[in-house]
Amino acid sequence: MHILKYCSVSDAEITDGSEVLFKSNEKDLKPFLKEFYKSEKLEYPKFYKMDAQCKLAFIAAEVLFRNIGREQYQNEEIALVFANSESTLATDMSYWESTKNIASPALFVYTLPNILMGEIAIRNKIKGENYFFVSENFDAQLLHQQTEMVFQNTATKLVVVGWVNYESETNYSAKLFLISKSEVGLFPFTIDNINNLNK
Amino acid sequence: MDSLIEELKIKLIKELNLEDMEPDEIEADQALFGDGLGLDSIDALELIVLMERDYGIKITDPNKGREVFVTLTSMAEYIKANS
């Protein structure tokens, strides 16, 4: 197993591998992501309807899937293994507030963390296995173990391993890794390498 | 009636996060669902909430919803007749 590609979104900065792709002066996440969305001329109106955590995951995935030869893989051969520490707490709180008047259906749909994998899957036509874990901290061992298991037990050839965590407009992070079953790539997919790239 | 339709356009953009759209781009007789404005089932629920919260109109019958939410004109007519 090898890491083919990785990217991150944090502190108003988007990186593609080790290269800074986009940097914003916007302090808050949502205007920062909107700025990127506009600058890249992305056309996906549903983006505006997503909650902040989904927007974060969506934009990270847009960067990750660039120039990877997506067409080499069947939709069923791509899996998603994600985790975070907050689940969907921020949206849960917004939804709870809305229930004091009339509960918002649009907020309700974002009160499960795996919805962000759904948004990525719809956009990128992914129909493989998907798992979402909630762990206190970034746990490279858990992500590695689960990815290994997916490769062993299914027809998966590519796994998107992700940590997407939104606490507030100024405290958020997304880190995505594209893992191939093959023995060719940037780095071997090891726990140490995941931890090193997550720094 | 025209002012109510203009009001609904602004509410639609705000409540349904149609951020790429301007009120002028929405036609009063444009279909809200399907090939028209492309709203989805969650948007339909938000429209039901909007009707109750902003105009005091409860829509509990799904068939009635289908009639009311065809276009902005049909929404405005229903609001006018029921509020």
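Residues numbered from 1 in each chain as written. Chains lettered and ligands numbered in written order. Predicted model: local features only at pLDDT ≥ 70, side-chain atom pairs only at ≥ 80, totals over all residues. Heavy atoms only, no water.

### Topic: the overall build of chain B
Now for step 1: When helices and strands are tallied, chain B shows 4 helices and 0 strands.
Now for step 2: The N-to-C order of helical and strand elements in chain B reads α-α-α-α.
Now for step 3: Against the globule reference of 12 Å for 83 residues, chain B gives a C-alpha radius of gyration of 12 Å, in line with a compact fold.
Now for step 4: If one aligns the C-alpha atoms of chain B with their principal axes, the spans along those axes are about 30 × 25 × 20 Å.
Now for step 5: Looking at the 83 residues of chain B, the share that counts as buried comes to 40%.
Now for step 6: Just so you have it, chain B exposes about 4600 Å², and 48% of that area is on carbon and sulfur atoms.
Now for step 7: Looking at charge distribution, chain B has the averaged site of its 8 positive side-chain charges lying 9 Å from that of its 20 negative ones. (Helix = DSSP H or I, 4+ residues; strand = E, 2+ residues; numbered from the N terminus. Rg over C-alpha atoms; globule rule 2.2 N^0.38 Å. Buried < 20%, exposed > 50% of the residue type's maximum accessible area, 1.4 Å probe, protein only. Areas by Shrake-Rupley, 256 points an atom, 1.4 Å probe, with all protein chains shown as cover. Lys, Arg positive; Asp, Glu negative; His and termini not counted. Charge placed at Lys NZ, Arg CZ, Asp CG, Glu CD.)

### Digging into the interface of chain A and chain B
Now for step 1: If you look at the interface, chain A gives 12 residues, while chain B gives 12 residues.
Now for step 2: Interface of chain A and chain B: buried area, both sides summed, is about 1100 Å²; carbon and sulfur atoms make up 56% of it.
Now for step 3: Along the contact surface separating chain A from chain B lie 1 salt bridge.
Now for step 4: In this structure, the salt-bridge partner of B:Asp43 is A:Lys49, at a minimum N-O distance of 2.8 Å.
Now for step 5: Joining chain A to chain B, the criterion identifies 4 residue pairs in polar contact (both at pLDDT 80 or more).
Now for step 6: Secondary-structure elements contributing two or more residues to the side of chain A that touches chain B are helix 1 (29–39) and helix 4 (105–108) of chain A. (Contact = heavy atoms within 4.5 Å. Buried area = accessible area lost by both parts, 1.4 Å probe. Salt bridge = Lys/Arg side-chain N within 4 Å of Asp/Glu carboxyl O. Polar contact = N/O pair within 3.5 Å; in protein donor to acceptor, adjacent residues only side chain to side chain.)

### A closer look at the UniProt feature "domain: Carrier" (unreviewed entry) in chain B
Now for step 1: The UniProt feature table records "domain: Carrier" (unreviewed entry) at residues 3–83 of chain B.
Now for step 2: When the span residues 3–83 of chain B is considered, its composition is 57% helix and 0% strand, and the gap between its end C-alpha atoms is 15 Å. (UniProt positions renumbered as here; feature names shortened; annotations may be inferred.)

### What to know about the environment of A:Ala106
Now for step 1: By the element assignment, A:Ala106 lies in helix 4.
Now for step 2: Spatially, the C-alpha atom of A:Ala106 lies 9.1 Å from that of A:Asp51, the residues being 55 residues apart in sequence.
Now for step 3: Sequence-distant contacts of A:Ala106, that is, excluding residues within four places in its chain, are made with B:Ile42 and B:Glu46.

### Concerning the nonpolar core
Now for step 1: One finds A:Val9, A:Phe32, A:Phe82, A:Leu116, A:Ile120, A:Val160 and A:Leu176 to be the most contacted residues of the largest nonpolar core, which totals 46 residues.
Now for step 2: Mapped by element, the contributors of at least two residues to this core are strand 1 (2–10), helix 1, helix 2 (52–64), strand 4 (78–84), helix 5 (115–124), strand 6 (158–168) and strand 7 (171–180) of chain A.
Now for step 3: The element best represented in this core is helix 2 of chain A, accounting for 10 residues.
Now for step 4: One finds B:Leu4, B:Tyr55, B:Ile59 and B:Ile79 within the second-largest nonpolar core, a separate group that totals 24 residues. (Core = buried A, V, L, I, M, F, W, Y, C linked by side-chain atoms within 4.5 Å.)

### Things to note about unusual backbone geometry
Now for step 1: One non-glycine residue, A:Asp11, lies in the positive phi region at around 45°.
Now for step 2: Tracing the chain through its elements places A:Asp11 in the loop between strand 1 and strand 2 (13–16).
Now for step 3: Given a relative accessible area of 61%, A:Asp11 falls into the exposed group.
Now for step 4: With phi around 50°, B:Asn17 is a residue other than glycine that occupies positive phi space.
Now for step 5: By relative accessible area, B:Asn17 is classed as partly exposed at 28%.

### Digging into the packing of aromatic side chains
Residues and elements named next belong to chain A.
Now for step 1: Per the stated rule, a full pass over the model turns up 11 aromatic pairs over all chains.
Now for step 2: Here the aromatic rings of Phe 22 and Phe 36 are separated by 5.1 Å at their centres, their planes lie at 70°, and the arrangement is edge-to-face. With Phe 22 in strand 3 (residues 19–23) and Phe 36 in helix 1, the pair connects residues that are 14 residues apart, well separated along the chain.
Now for step 3: By relative accessible area, Phe 36 is classed as buried at 0%.
Now for step 4: The rings of Tyr 37, Tyr 44, Phe 47, Tyr 48 and Phe 58 are connected pair by pair, giving a single aromatic cluster. (Phe/Tyr/Trp six-rings, centres within 6.5 Å; stacked < 30°, edge-to-face > 60°.)

### Regarding the packing of helix 1 of chain A against helix 2 of chain A
Residue and element names in this part refer to chain A.
Now for step 1: Across the interface, helix 1 lies against helix 2 with an axial gap of 10 Å and an inter-helix angle of 35°. Relative to helix 2, helix 1 is oriented so that their crossing is left-handed. Residue-level inspection shows Leu 29, Lys 30, Leu 33 and Phe 36 of helix 1 in contact with helix 2, the latter providing Ala 52, Lys 55, Leu 56, Ile 59 and Val 63.
Now for step 2: Here the residues of the contact of helix 1 with helix 2 are counted per class, giving 7 nonpolar, no polar and 2 charged. (Axes fitted to C-alpha atoms, helices over the stretch in contact; angles between N-to-C directions. Left-handed = near helix turned anticlockwise from the far one by under 90°. Nonpolar A, V, L, I, M, F, W, Y, C, P; charged D, E, K, R; others polar.)

### Here we look at the layout of surface pockets
Now for step 1: Counted as a void, the largest pocket has a volume near 640 Å³.
Now for step 2: Lining the largest pocket are 28 residues, and of these A:Lys30, A:Lys49, A:Met50, A:Leu107 and B:Asn17 lie nearest its centre.
Now for step 3: Contributing elements (two or more residues each) for the lining of the largest pocket: helix 1, helix 2, helix 3 (89–98) and helix 4 of chain A together with helix 1 (2–15) and helix 2 (41–55) of chain B.
Now for step 4: For the lining of the largest pocket, the class distribution of residues is 12 nonpolar, 6 polar and 10 charged. (1 Å grid on protein atoms, 1.4 Å probe; cavity = no way out; pocket = protein on both sides within 12 Å on 5 of 7 lines; lining within 4 Å. Points joined across faces, edges and corners; volume = space filled by probe spheres on them.)

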